[in-house]
Amino acid sequence: MNTSSVLPRSFRLLVTGGGTGGHTYPALTAIRTLQGRLADVGSTLDVLWIGTADGLEARVAPAEGIAFKTVATGKIRRSSNPLKMLSAANVKDMARVPLGVAQARSIVSNFQPDVVLATGGYVAVPAGLAARLCRVPLVLHEQTVRLGLANRKLASSATRIAVSSESSLPLLPAEVRERAVVTGNPVRPEVLCGHGDKAVEALSLYGFDRRLPTVYVTGGAQGAQQINSVVREVLPWLLAHANVILQCGPANVDELRSATAELDPVLTGRYHVTGFLGPELPDVLALADVVVSRSGAGTLAELTALGKPAVFIPLATSAGNEQAHNASHLADEGAALALLDEVTGPALQSAVGPLLTDPARRAAMAERARTYGRPDAADRLVDVVLSAASA
């Protein structure tokens, strides 16, 4: 879809969504991409973000110079037992939604956006409903294979529903399927531009044996005790076959570094532990031959766009078990491996081992992963946003 010839002189975009990076960063990447598209033809973008006061978006939006407002919202605590859904906490939070809708309606009415873009999270519900009440086009973006709770609530109000995977289409309610388009999940462009040699310099990885594959293990910004534990269990074996970068969470660094106390110094030199990776992340991803990680939607989007062989250890408590669905989707297609049942050292060893010893197997999985990657997802989503404005 080419919208460059009909871009307006100015465009007003209201963004809503957040709580986590999975909802926040796709929205931010779409904003940056739309700003660039408009700037290329001498147009401007005016953005307002509706989020929660304590979500990641409350830090990210102001840091990017984006106007930010909050509305009342409530978190629905899910349970397989319908009676538990009627908990006092849920009832109290659900009662806040009408107030949030009223606040969001006032914001939308005053801002008068051309489009509202909702990327999920509880705060998206009042803002999305306000868009319908104000007759403003609403574009939903779904990062996971199945629609999240917020987007399910908003689907009937949406002008367009942008999904990240072809496999999402048959899972949509039949009455909204014709409004859906596959865009992929926007990936921060800097993630796609890393250089492995820069990671070696930045992290002083001079003990790494570049003849061996490099494994990057991450449990997310805070680390994951489950992943840290299984890696520690097989660490001597792992270091005999690979270099290892372990992003373990700031609170776990000392413990994980001590795991090499009795190992040969040569093996220890192949092991780098860090609490958190910031600007170095794109370079670490470029250096990595195999990634071991959780399977959040953002992680999957980055690794498939890069074509990285991966072993996923889904977070069992993710909303709607979405991480297991994400991992299974790629594993079923030979584009990744997933530890869905037994998460132990031996299970990890049996999964990672063949990838480390067989470059051809790594290459085949990388190629399969790349077929599911959409590095142009942000541009596709911007196309959808612009088309919704002119529909």
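Our structure's up above, just so we're on the same page.
Residues numbered from 1 in each chain as written. Predicted model: local features only at pLDDT ≥ 70, side-chain atom pairs only at ≥ 80, totals over all residues. Heavy atoms only, no water.

Chemist: Requested: an account of the environment of Glu-262, with residues and values cited.
Modeler: Of note, Glu-262 is situated in the loop between α11 (253-257) and α12 (265-268). In sequence terms Glu-262 and Pro-236 are 26 residues apart; their C-alpha atoms lie 9.8 Å from each other. (Helix = DSSP H or I, 4+ residues; strand = E, 2+ residues; numbered from the N terminus.)

Chemist: Describe the sheet that holds strand β6 (residues 160-163), with residues and values.
Modeler: With parallel pairing, seven strands are arranged side by side in an open sheet as β3-β2-β1-β4-β5-β6-β7. Edge positions in the open sheet fall to β3 (67-70) and β7 (180-182), since each of these has one partner strand only. Within the sheet, the average angular offset between the axes of one strand and its neighbour, ignoring direction, is 25°. With seven bridges connecting them, strand β1 (residues 10-16) and strand β2 (residues 44-51) associate as parallel partners. Within β2, the position partnered with Ser-10 by the bridge is Thr-44. (Pairing = 2+ DSSP bridges. Axes fitted to C-alpha atoms, helices over the stretch in contact; angles between N-to-C directions.)

Chemist: Could you give an account of the packing of aromatic side chains, naming the residues involved and the relevant values?
Modeler: For the structure on display, the rule yields zero aromatic pairs. Here the guanidinium or amino end of Arg-12 rests over the ring plane of Phe-111, the centre of that ring lying 4.3 Å away. (Phe/Tyr/Trp six-rings, centres within 6.5 Å; stacked < 30°, edge-to-face > 60°. Lys NZ or Arg CZ within 6 Å of the ring centre and 35° of its normal.)

Chemist: So, the pattern of salt bridges: which residues are in play, and what are the values?
Modeler: All told, the structure shown has 13 salt bridges when counted by the stated rule. Between Glu-333 and Arg-368 there is a salt bridge, with its nearest N and O atoms 3.6 Å apart. Of this pair, Glu-333 sits in the loop between α15 (322-332) and β13 (337-338) while Arg-368 sits in helix α17 (residues 359-371), and the two are 35 residues apart along the sequence. When its relative accessible area of 35% is taken as the criterion, Glu-333 is described as partly exposed. (Salt bridge = Lys/Arg side-chain N within 4 Å of Asp/Glu carboxyl O. Buried < 20%, exposed > 50% of the residue type's maximum accessible area, 1.4 Å probe, protein only.)

Chemist: Give me the nonpolar core: which residues, what numbers.
Modeler: Counting residues in hydrophobic clusters, the biggest one holds 31 residues, and the most contacted among them are Val-217, Val-231, Tyr-271, Val-292, Val-311 and Leu-348. Of all the secondary-structure elements, those providing two or more residues to this core are β8 (214-218), α9 (225-233), α10 (235-241), β9 (243-247), α11, β10 (271-274), β11 (290-293) and α16 (345-357). If we skip the residues at most four places from it in the chain, Leu-348 touches Val-230, Val-231, Val-234, Val-292, Val-311 and Leu-339. The next biggest cluster of nonpolar side chains, apart from the first, holds 28 residues, and it includes Leu-48, Ile-50, Ile-161 and Leu-172. (Core = buried A, V, L, I, M, F, W, Y, C linked by side-chain atoms within 4.5 Å. Contact = heavy atoms within 4.5 Å.)

Chemist: Kindly report on helix α1 (residues 21-40), identifying the contributing residues and their values.
Modeler: An ideal rise of 1.5 Å per residue puts 28 Å on 20 residues; α1 measures up with 28 Å between its terminal C-alpha atoms. Within α1, burial applies to Thr-24, Pro-26, Ala-27, Leu-28, Thr-29, Ala-30, Ile-31, Thr-33, Leu-34, Arg-37 and Leu-38. Buried positions along α1 lie against β1, β2, α2 (57-63), β4 (115-118), β5 (138-142) and α18 (377-390). Phi turns positive one or two residues past the end of α1, at Gly-42, with a value near 75°. (Expected span 1.5 Å × (residues − 1).)

Chemist: Report on the sheet that holds β10, specifying residues and quantitative values.
Modeler: Ordered in space as β10-β9-β8-β11-β12-β13, the six strands form an open sheet in which the pairing is parallel. Either end of the sheet is taken by a strand with one partner, and the two such strands are β10 and β13. Relative to β10, β9 runs parallel, the two sharing four bridges. From the neighbouring strand, Gln-247 faces β10, where its bridge partner is Thr-274. The strands touched by helix α14 (residues 297-306) within the sheet are β11 and β12 (310-312), with β12 carrying the most contacts at an inclination of about 165°.

Chemist: Summarise unusual backbone geometry; cite the residues concerned and give the values.
Modeler: In this structure, Gln-112 is a non-glycine residue whose phi angle is positive, near 55°. The phi torsion at Arg-135 lies on the positive side, around 55°, for a residue other than glycine. Tracing the chain through its elements places Arg-135 in the loop between α6 (124-133) and β5. Residue Arg-135 is classed as exposed on the basis of its relative accessible area, which comes to 77%.

Chemist: Give me the pairing of β6: which residues, what numbers.
Modeler: Side-chain positions along a regular strand alternate between the two faces of the sheet. Of the strand pairs in this sheet, β5 and β6 are connected by four bridges, and their pairing is parallel. Pairing of His-141 across the sheet is with Ala-162, part of β6. Note that the unit made of β5, helix α7 (residues 149-154) and β6 has a crossover that is right-handed. Alignment of β6 against β7, held across three bridges, turns out to be parallel. Opposite Val-163, over in β7, you have Val-182 as the bridge partner. (Right-handed = clockwise from strand over helix to strand, strands pointing away.)

Chemist: Summarise the side chain of Asn-151; cite the residues concerned and give the values.
Modeler: Within the secondary structure, Asn-151 sits in helix α7. In this structure the side chain of Asn-151 is engaged in a polar contact, spanning 2.9 Å, whose partner is the side chain of Glu-142. Leave out the neighbours within four places in its chain, and Asn-151 touches Ala-118, Gly-120, Leu-140, His-141 and Glu-142. (Polar contact = N/O pair within 3.5 Å; in protein donor to acceptor, adjacent residues only side chain to side chain.)

Chemist: Lay out α15 in plain terms, naming residues and giving numbers.
Modeler: Among all positions in α15, only Gln-323, Ala-324, Asn-326, Ala-327, His-329 and Leu-330 are buried. In this structure, the buried side of α15 is in contact with α14, β12 and β13. Within two residues after α15, Gly-334 carries a phi angle of roughly 75°, on the positive side.

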